[in-house]
Amino acid sequence: MHVVVGAGPVGSATARLLAGQGEQVRVITRSGSGPEAGGIERVAADASDGEALARLTEGATAIYSCAGPPYHRWSTDWPPLGAALIRAAETTGAVLVTTGNLYGYGAVDGVMTEETPLLPNSVKGRVRARLWTDALAAHEAGRIRTAEVRGSDYLGAGAVSAFSVMVLPKVIKGGRGLAPADLDAPHSWTYVGDVAKTLVAVAADPSAWGRPWHVPTPAPVSVRALATRAAELAGAPRARVAKMPAIALRLAGLFSPDAREMLETQYQWQRPFIVDSTAATVAFGIKPARTDDALREMIVA
């Protein structure tokens, strides 16, 4: 049995991928939601309850951490969830593979690799870095087996990012998108289906444990170029996209907790933000999905 914690875009894609391979899958969410498909069991539970999670993962081969607490509650909700996942892995012996991101690296000059040091410069970055260092410490102590899979901003069905929320819905309807970003800076975009493929590949390969992996990700594309291509694929008028003034995002933060939380990670959008995924591409033979295909999923959703 494989246990997937969380049923967002990555959790759902991971559950479907495993079920399609003939595996028995249990998806755990607070509400009991998740994809409906043969081989997938959906369970309602609080995954931050270590005892409950250990019971629900008994007999599991692997635990996939794909949950995503509300953006403005990361500092309060992630630590107990991370501790519960480690406890479940230690109790059951299942390998724990966590869906991470690039926040822990902080503001990097140059391309990010798995060897880039964790030097977080934000609250959310410190949360992500601590989750990994805690899990890695348990791994190195022989208590658990673990690895982390890191991707950049997501594209694909259900993906949520500044682009998917603030730009894409506007440009495919012929409107003007606003993005709090350098519109021409190269930016890496990771397909959610490739995150799922990497999670499953890492879980199945003991030689891959004890380290982070970057999800195979195609060449970077600027926000402006991505918007232009999305409009073309949607048959919409030529994309119009403008940079959102910093004051506008701050004002939005007065009313929206998610907008407020975006302020501390603005460095990711105001400069090149590029991930190198050579290691995982070579190790697992995963060819990144075409950016066009990832955009098409979002357009038809």
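The coordinates are above.
Since we're looking at a predicted model, the values are computed, not measured. (Residues numbered from 1 in each chain as written. Predicted model: local features only at pLDDT ≥ 70, side-chain atom pairs only at ≥ 80, totals over all residues. Heavy atoms only, no water.)

In this fold, Leu-295 is placed in helix H12 (residues 291-300). Sequence spacing of Leu-295 and Gln-268 is 27 residues, and the spatial spacing of their C-alpha atoms is 21 Å. Beyond its immediate chain neighbours, meaning those up to four positions away, Leu-295 contacts Phe-163, Leu-226, Arg-229, Ala-230 and Leu-233. (Helix = DSSP H or I, 4+ residues; strand = E, 2+ residues; numbered from the N terminus. Contact = heavy atoms within 4.5 Å.)

This part covers the sheet that holds strand S4 (residues 62-65). The strand order across the open sheet formed by 7 strands is S3-S2-S1-S4-S5-S6-S10, and the pairing between neighbours is parallel. The sheet terminates laterally at strand S3 (40-44) and strand S10 (212-214), the two strands that pair on one side only. On average, adjacent strands in this sheet sit at an angle of 20° to one another, irrespective of strand direction. Note: strand S2 (residues 25-29) against S3, 5 bridges, orientation parallel. By the bridge assignment for S3, Val-25 is matched with Ile-40. On the sheet, helix H4 (residues 123-140) packs against strand S5 (95-100), strand S6 (146-150) and S10 and is oriented at approximately 155° with respect to S6. (Pairing = 2+ DSSP bridges. Axes fitted to C-alpha atoms, helices over the stretch in contact; angles between N-to-C directions.)

Going through the model one piece at a time under the given rule, you end up with 18 salt bridges. The salt bridge partner of Arg-26 is Glu-41, with a shortest N-O separation of 2.9 Å. Taken together, the residues Arg-26 in strand S2 and Glu-41 in strand S3 connect sequence positions 15 residues apart. On the basis of relative accessible area, Arg-26 is assigned to the buried category, the value being 16%. Notably, a salt bridge pairs Arg-150 with Glu-148, separated by 2.8 Å at the nearest N-O pair. You'll find Arg-150 and Glu-148 in the same group, each marked buried. Look at the salt bridges and you will find they share partners, linking Arg-229, Glu-232, Arg-290, Asp-292, Asp-293 and Arg-296 into a network. (Salt bridge = Lys/Arg side-chain N within 4 Å of Asp/Glu carboxyl O. Buried < 20%, exposed > 50% of the residue type's maximum accessible area, 1.4 Å probe, protein only.)

What follows deals with the nonpolar core. Among the nonpolar cores identified, the biggest contains 87 residues, and Tyr-64, Phe-163 and Val-202 are the most heavily contacted of them. Sorting elements by how many residues they give to this core places helix H3 (residues 74-92) first, with 8 residues. Look past the residues within four positions of Val-202 in its chain and what remains in contact with it is Val-97, Ala-147, Val-149, Ala-208, Trp-209, Trp-213 and Phe-284. Counting 6 residues, the second-largest nonpolar core is a separate cluster that includes Leu-102, Tyr-105, Val-108 and Met-112. (Core = buried A, V, L, I, M, F, W, Y, C linked by side-chain atoms within 4.5 Å.)

Considering the arrangement of structural elements, one finds Ser-164 in helix H5 (residues 162-166). A polar contact is formed between the side chain of Ser-164 and the backbone oxygen of Ala-159, at a distance of 3.1 Å. In terms of polar contacts, Ser-164 uses its side chain to reach the backbone amide nitrogen of Ser-161, at 2.7 Å. When residues no more than four places from it in sequence are discounted, the contact partners of Ser-164 are Ala-159, Pro-169 and Met-298. (Polar contact = N/O pair within 3.5 Å; in protein donor to acceptor, adjacent residues only side chain to side chain.)

With that out of the way, let us pick up the packing of aromatic side chains. Under the definition given, this model contains 5 aromatic pairs. Aromatic pair Trp-189 and Trp-269: ring centres 5.8 Å apart, planes at 55°, arrangement tilted. Taken as a pair, Trp-189 in strand S9 (residues 189-191) and Trp-269 in the loop between helix H10 (257-262) and helix H11 (278-284) lie far apart in primary sequence, 80 residues in all. The pair formed by Trp-189 and Trp-269 is uniform in burial state, with each residue classed as buried. One Lys or Arg, Lys-124, reaches over the ring of Tyr-71 and ends 4.9 Å from the middle of that ring. (Phe/Tyr/Trp six-rings, centres within 6.5 Å; stacked < 30°, edge-to-face > 60°. Lys NZ or Arg CZ within 6 Å of the ring centre and 35° of its normal.)

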